[in-house]
Amino acid sequence: MKPSKETKVFFSRQNLFQLLIAKSIIEALLVTALAVSFYLVVTNPHLRGWLDQADARTISGWVVNEKSAGTRVEVQLFIDDRFVESRVADSFRPDVQQAQRATDEWHGFVFQTPRLGAGDHEARVFAIHRGASDERRTLQIIGKPLRFHVDAALTDSRGPATSAGETQ
Amino acid sequence: MSEANLNPETIVSDRALAGWELISVVSSIVIAEWMFTTVSGLSKLIIAIPILLAFAVMIFSHRARNESLRDIGFRFDNFLQAMRLLVLPMLGSGILCLIVGWRLGGTINLFRWHPNRFILFQLMFGFGWGLVQQYALQGFLNRRATMALGAGWQSVLIIAMIFGGLHLPNPALTVITFAGGIVWAAVYQRAPNLFALAVSHSVMTWLVVSTIPPSLLHHLRVGLNYFS
């Protein structure tokens with residue numbers, strides 16, 4: 001029996017219709033999986049900490065990686081959205097251990113406030129998250145930004161002010 | 001529901017199906033382009049999934065619609081006709097690139113594209129990459145846009161907008177590819193020859209990279225990669 005014209009068609013319109021539906025479903029799942037995995041790679045939901053205090057002299061707080069409570073977290077200080085300094089949070093903070101946030105007492109950080117112009121300023125401290133890949137690092141804010149005031153008298157006694165980014 | 005009601009022939013018109021195919025392939029390219037920088041290392045291979053799916057749809061769609069390689073534009077009989085249509089827009093664009101580059105204070109450097117590669121090899125590589133892009137853009141998307149909207153300015157504009165849009169958020173590249181998209185789509189509708197378009201694609205990329213200041217082109221980066 002001769003094959004009909006229908007059977008000669010390698011891929012029918014109905015197959016194409018089904019392929020388009022299957023492709024849409026696969027791509028929707030792929031995008032969802034990529035979005036979730038990206039979120040998990042670039043953020044660390046186990047970081048806990050707080051920015052306790054900020055004034056014209058020091059800026060301090062604590063931070064713990066609850067998934068690996070023995071390790072020290074690297075933190076970065078920004079004042080008025082300008083990078084100031086990076087350091088490891090390994091200062092003595094017995095209260096953090098007493099509150100059962102960490103297994104030891106060395107998760108605090110204290111930054112010396114750089115010389116700033118008189119007026120209001122805002123300090124933010126971020127924990128650095130390295131993730132599984134060496135290609136990128138992300139910053140996660142610790143606690144909430146703190147506003148503080150620098151008196152003109154204090155500025156005069158510490159010499160001329162520079163912008164926060166130029167203190168390094 | 002009866003079997004007849006489930007038949008795609010009865011629930012989706014040919015124009016709607018062509019439009020769906022077009023959107024489906026464009027969405028795959030957008031996913032691959034924008035997701036590429038979110039993954040690293042071997043995980044980048046995951047981006048092959050939408051690309052393979054897009055090629056599967058394109059190839060099977062050609063089969064379902066009985067389109068031959070010749071129909072698509074893999075042919076030589078109209079190569080010169082297509083080149084003749086391309087020469088004037090290419091000359092005009094080349095002169096415009098020189099003027100824009102000169103006005104922006106850039107220097108002309110014919111070896112800027114990939115300085116460590118032999119220029120002839122780079123042009124051949126550009127031809128190959130241009131052929132892939134022109135096949136997807138004209139050999140598939142333009143044909144489906146024509147099926148959905150008919151030949152003419154509407155389908156040409158849609159193809160140019162898609163081509164420009166795929167180069168977002170790079171502003172200079174988006175404008176340049178939009179203009180290129182109009183010319184290539186219009187020429188393809190008059191003389192469907194992908195080899196001529198690939199030659200034009202490669203030469204025009206070379207001219208643009210050689211004349212427009214690199215700071216404006218942002219290393220030809222598109223998608224999320226533009227911000228890195």
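Scroll up to find the structure.
As the structure is a computational prediction, the values presented were derived from the model and not from experiment. (Residues numbered from 1 in each chain as written. Chains lettered and ligands numbered in written order. Predicted model: local features only at pLDDT ≥ 70, side-chain atom pairs only at ≥ 80, totals over all residues.)

### Here we look at the overall build of chain A
- Looking only at helices and strands, chain A features four helices and nine strands.
- Split into buried and exposed, the 168 residues of chain A put 20% on the buried side.
- Of the contacts made within chain A by residues no fewer than 6 positions apart, 62% connect residues no fewer than 24 positions apart. (Helix = DSSP H or I, 4+ residues; strand = E, 2+ residues; numbered from the N terminus. Buried ≥ 20, exposed ≤ 12 C-beta atoms within 10 Å, placed from the backbone. Contact = placed C-beta atoms within 7 Å.)

### Quick notes on the pairing of strand 6 (residues 106-112) of chain A
All names here are of chain A.
- In terms of strand pairing, strand 2 (residues 58-65) meets strand 6 through five bridges, oriented antiparallel. Paired with glycine 61 across the two strands is phenylalanine 109, which belongs to strand 6.
- Looking at chain direction, strand 5 (residues 91-92) and strand 6 are connected through two bridges and run antiparallel. By the bridge assignment for strand 6, phenylalanine 92 is matched with tryptophan 106. (Pairing = 2+ DSSP bridges.)

### A look at the packing of helix 7 (residues 119-149) of chain B against helix 10 (residues 194-211) of chain B
Residue and element names in this part refer to chain B.
- At a minimum axis separation of 7 Å, helix 7 and helix 10 run at an interaxial angle of 125 degrees. Considered as vectors, helix 7 and helix 10 are oriented oblique to each other. Considering only the axes of helix 7 and helix 10, their crossing is right-handed. Every residue of helix 10 that contacts helix 7 at Leu123, Gly126, Phe127, Gly130, Leu131, Gln133, Gln134, Tyr135, Gln138 and Gly139 is listed here: Leu194, Leu197, Ala198, Val199, His201, Ser202, Thr205 and Trp206.
- In terms of residue class, the contact of helix 7 with helix 10 is made up of nine nonpolar, nine polar and no charged. (Axes fitted to C-alpha atoms, helices over the stretch in contact; angles between N-to-C directions. Parallel < 35°, antiparallel > 145°, perpendicular 65-115°, else oblique. Left-handed = near helix turned anticlockwise from the far one by under 90°. Nonpolar A, V, L, I, M, F, W, Y, C, P; charged D, E, K, R; others polar.)

### Considering the sheet that holds strand 1 (residues 47-54) of chain A
- Judged by pairing direction, the sheet is antiparallel, and its four strands sit side by side in the order 1-2-6-5 (chain A) without closing on themselves. Each edge of the open sheet is held by one strand with a lone partner, namely strand 1 and strand 5 of chain A.

### Thoughts on the packing of helix 8 (residues 153-165) of chain B against helix 9 (residues 171-190) of chain B
Residue and element names in this part refer to chain B.
- Where helix 8 meets helix 9, the closest approach of the two axes is 7 Å, and the angle between their N-to-C directions is 145 degrees. Helix 9 is crossed by helix 8, and the crossing has right-handed handedness. On helix 9, the residues that touch Val156, Ile159, Ala160, Met161, Phe163 and Gly164 of helix 8 are Thr174, Thr177, Phe178, Gly180, Gly181, Ile182, Ala185, Ala186 and Gln189.
- Taken together, the residues of the contact of helix 8 with helix 9 break down into nine nonpolar, six polar and no charged.

### As for the environment of leucine 224 of chain B
Residues and elements named next belong to chain B.
- Within the secondary structure, leucine 224 is located in the segment after helix 11 (214-217).
- For leucine 224, a count of 14 C-beta atoms within 10 Å puts it in the partly exposed group.
- Put simply, leucine 224 and isoleucine 119 are 105 residues apart on the chain and 29 Å apart in space, counted from C-alpha to C-alpha.

### Let's talk about the environment of arginine 103 of chain B
Residue and element names in this part refer to chain B.
- Structurally, arginine 103 is set in helix 6 (residues 79-103).
- A residue is classified by how many C-beta atoms lie within 10 Å of it, and arginine 103, with 8 of them, is exposed.
- Between the C-alpha atoms of arginine 103 and isoleucine 212, which are 109 residues apart in sequence, the distance is 9.8 Å.

### Quick word on the nonpolar core
- With 44 residues, the main nonpolar core has Val25, Leu141, Ile159, Ala185, Val187 and Leu197 of chain B as its most contacted residues.
- Taken together, the elements giving at least two residues each to this core come down to helix 2 (13-42) of chain A together with helix 3 (14-35), helix 4 (48-64), helix 6, helix 7, helix 8, helix 9 and helix 10 of chain B.
- Ranked by the residues each element gives to this core, the list is headed by helix 3 of chain B, at eight residues.
- Aside from chain neighbours lying at most four places away, what touches isoleucine 159 of chain B is Leu137, Leu141, Asn142, Ala145, Gly181 and Ala185 of chain B. (Core = buried A, V, L, I, M, F, W, Y, C linked by C-beta atoms within 7 Å.)

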